[in-house]
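Residue-level structural notes
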Amino acid sequence: MKRTRHTFRLPPELADQLADYASRKRVSQAAIVEAALASFLSPDSSERMEAAFSRRLDRISRQLDKLDYHVEVGNEAIALFVRTWLISNPALPDSQLPAAQAQAQERFAAFVSALARRMESEQRLAR
């Protein structure tokens, strides 16, 4: 196959990347440049890129929908728990309020540290 000689200059960083890639793939630098130019100049390259982006966006959209569903389930579970708790626990008399608030602060601190431990571990409800 007849070939035409071309001379061009590359920035040192790009030339190093080209040389490294060629040595890793065990092909000539000219073959890599030829394939890159052919891909860049082919009329369907933009269509392939658009299809690839489309697939990625679809996958991301599905992941976001799944995430949205899980957040909604969590919100509904918390709302249901709070509603049930408020219905089943009567209000305290004023004399017992300071002691109850102190105990609530201790319990909340224990809850927060248990939540932090759980988030750092591999045990999750969704799994």
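Above this text sits the structure in question.
Since this is a predicted model, take the numbers as computed values, not measurements.

Summing up its helical and strand segments, the chain has 4 helices and 0 strands in all. Computed over C-alpha atoms, the radius of gyration of the chain comes to 31 Å, more than 25% over the 14 Å expected from 2.2 N^0.38 for 127 residues, which places it beyond the range of a compact globule. With an accessible surface of roughly 12300 Å², the chain has 59% of that area assigned to carbon and sulfur atoms. Where the 19 positive side-chain charges of the chain centre and where its 16 negative ones centre are 9 Å apart.

Another point: the packing of helix H1 (residues 12-25) against helix H2 (residues 29-41). Close contact between H1 and H2 brings their axes to 9 Å; oriented N to C, the two are set at 105°. Considering their axes alone, H1 and H2 lie roughly perpendicular with respect to each other. For the pair H1 and H2, contact is made by Leu-18, Ala-19, Tyr-21 and Ala-22 and by Gln-29, Ile-32 and Val-33, respectively. Split by residue class, the contact of H1 with H2 holds 6 nonpolar, 1 polar and no charged.

Moving on to a nonpolar patch on the surface. Together, Leu-57, Ile-60, Leu-64, Leu-67 and Val-71 make up an exposed nonpolar region whose accessible area comes to about 470 Å². The residue Leu-64 is located in helix H3 (residues 45-88) in this model.

The phi torsion at Arg-26 lies on the positive side, around 55°, for a residue other than glycine. With respect to the helices, strands and loops of the structure, Arg-26 is situated in the loop between H1 and H2.

Side chains of Arg-55, Arg-56, Arg-59 and Arg-62 sit close together on the surface and give a patch of like positive charge. Tracing the chain through its elements places Arg-56 in helix H3.

This paragraph deals with the pattern of salt bridges. Think of it this way: side chains of opposite charge can pair up when their charged atoms draw near. Taken as a whole, this structure holds 2 salt bridges when the rule is applied. Between Arg-3 and Glu-34 there is a salt bridge, with the nearest N and O atoms lying 2.8 Å from each other. One end of the pair, Arg-3, is in the segment before H1; the other, Glu-34, is in helix H2, with 31 residues separating them in the sequence. A salt bridge links Arg-24 to Asp-20; the shortest N-O distance between them is 3.2 Å. Note that Arg-24 and Asp-20 are positioned in helix H1 at a spacing of 4 residues, about one turn of the helix.

About the criteria used
Residues numbered from 1 in each chain as written. Predicted model: local features only at pLDDT ≥ 70, side-chain atom pairs only at ≥ 80, totals over all residues. Heavy atoms only, no water. Helix = DSSP H or I, 4+ residues; strand = E, 2+ residues; numbered from the N terminus. Rg over C-alpha atoms; globule rule 2.2 N^0.38 Å. Areas by Shrake-Rupley, 256 points an atom, 1.4 Å probe, with all protein chains shown as cover. Lys, Arg positive; Asp, Glu negative; His and termini not counted. Charge placed at Lys NZ, Arg CZ, Asp CG, Glu CD. Axes fitted to C-alpha atoms, helices over the stretch in contact; angles between N-to-C directions. Parallel < 35°, antiparallel > 145°, perpendicular 65-115°, else oblique. Contact = heavy atoms within 4.5 Å. Nonpolar A, V, L, I, M, F, W, Y, C, P; charged D, E, K, R; others polar. Patch = residues over 30% accessible without salt bridge, like charges linked within 9 Å, V, L, I, M, F, W, Y side chains within 5 Å. Salt bridge = Lys/Arg side-chain N within 4 Å of Asp/Glu carboxyl O.

Remember, this is a structural readout, not a statement about activity or role.
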